[in-house]
Amino acid sequence: MSATAVVRYARELLDEAGLHGAFLVRNLDTGTEIGFDADTPYPAASLVKVPLAVAVLERVARGELDPAMPVDVAPGRITTPGPTGLSRFRHPARISVEDLLYLSISVSDGVAADALFDLIPPAAVAAELRRLRINGIGVRQRVGDLAETPAERLGPDDVQLAHSLAIGAATPGQGHPVAQLDVARANSGSARAFVDLLHRIWRPSAIDPTTAARIRALMGDNLHRQRLAPDFASDASRWSSKTGTLLHLRHEVGVVDHADGQSYAVAALTASRVPAVAQPASEATMAQVARSLHDHLRTGTLPWWG
C-alpha cells in the first residue's frame, strides 16, 4: 500500500472518531518518516514538561544546579478529577530537584513542573532550546496557567459546556480567545518539532548525554499508558512517552525501541470535535493511526485491523 493511501486511511479514521490532528513517525536511524500536517502548531499542554526537563538537566550537567537541592512546594489542593501528584497534596512538601523532575515527567504533575519553572522560568527554557538549536517549540507559560480555563471557572457540572466553547471558538489560523489554546500565546509545538526534540534525546546531539539518558528513563517510566501505549508497548518493544491533555486536546509524543535495535519517534497531536472529558474510543483511534503509520514505515504494511 502506498504512503498516500496509508495517510488517507489515517485521516478517515480520525474523522470518524471526531478528531483532527497532526501525526509524524520517523525512523531515528535512517531519518525516513511518514505523517500529515506535521508542521501545524498545536497548544502543547503538558508536552512542555519535556523541554522543561531538558533545560533543568542541562543546568545540572553544567554544574549550575544541584539535583539534590531541596525545594519547598506549596500544596496544590486540587480536588477536581485529572491532576496528579503534588497537585492533590493538602500540605507543604520539601522535594529535591531530581525528584520534581520525576513527578513532572513520569507522573505529569503540574505543581512539580511549576516548582521547576520557578527555578528556570519559561523565557529561560526557551533560551536553552535556542542554545541547543531546537526549533519550533514555544515555551511561554507556567503549567499552572493551563488550569485557568473555562472548565475550572464553570465547574464540574458544566464541563461539557467548557469543551463546547473550546471547540467552537477556534479560528482557522490556530487562534483562540482562551489563551491556553492560542498557539501565539500558549506553549506550542508541531508534530515535527516534537519528533525533532525526541530525535535529539534518543540519538547523539548537542544535548548532554547524561541529560538525554535521564529524560529517556523518565519517559520510559510514564504512568499514563491509556493512549498510544496499548499499541506500542510489548515484550519486544519499549514505549517511552509524554502525554498532554487540555480540554478537547489530546496529545502524546514518544519513542518505540524495538528489540531488533530499530527506534521510531512518534508524535500524535489531536483536537476533538466531541464535547466530552472521557473519550476512550478517540484515544484508541489515536493509537490506531499512529500504529498504522509506524507499521507502514517499518514493514510497508498496515496492521491486521487495516
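In this text the structure is predicted, and so the values were computed from the model without any measurement.

With that settled, consider helix H4 (residues 110-119). Within H4, 8 of the 10 residues are buried, which leaves the element mostly enclosed by the surrounding structure. Among all positions in H4, only Gly-110, Val-111, Ala-112, Ala-113, Asp-114, Ala-115, Leu-116 and Phe-117 are buried. Its buried side turned inward, H4 meets helix H2 (49-61), strand S4 (70-73), helix H3 (97-106) and helix H5 (122-131). Structurally, the start of H4 carries an N-cap: the backbone nitrogen of Val-111 is 3.0 Å from a side-chain oxygen of Asp-109.

The phi dihedral of Asp-37 falls on the positive side, at around 50 degrees, and the residue is not glycine. Topologically, Asp-37 is positioned in the loop between strand S2 (33-36) and strand S3 (42-43). Within the chain, Arg-133 stands out as a residue other than glycine whose phi angle is a positive 60 degrees. Along the chain, Arg-133 turns up in the loop between H5 and strand S6 (137-138).

With that settled, the discussion passes to the sheet that holds S6. With antiparallel pairing, 3 strands are arranged side by side in an open sheet as S3-S7-S6. Lying at the two open borders of the sheet, with one neighbouring strand each, are S3 and S6.

Quick notes on the rules
- Residues numbered from 1 in each chain as written.
- Predicted model: local features only at pLDDT ≥ 70, side-chain atom pairs only at ≥ 80, totals over all residues.
- Heavy atoms only, no water.
- Buried < 20%, exposed > 50% of the residue type's maximum accessible area, 1.4 Å probe, protein only.
- Helix = DSSP H or I, 4+ residues; strand = E, 2+ residues; numbered from the N terminus.
- Contact = heavy atoms within 4.5 Å.
- Polar contact = N/O pair within 3.5 Å; in protein donor to acceptor, adjacent residues only side chain to side chain.
- Pairing = 2+ DSSP bridges.

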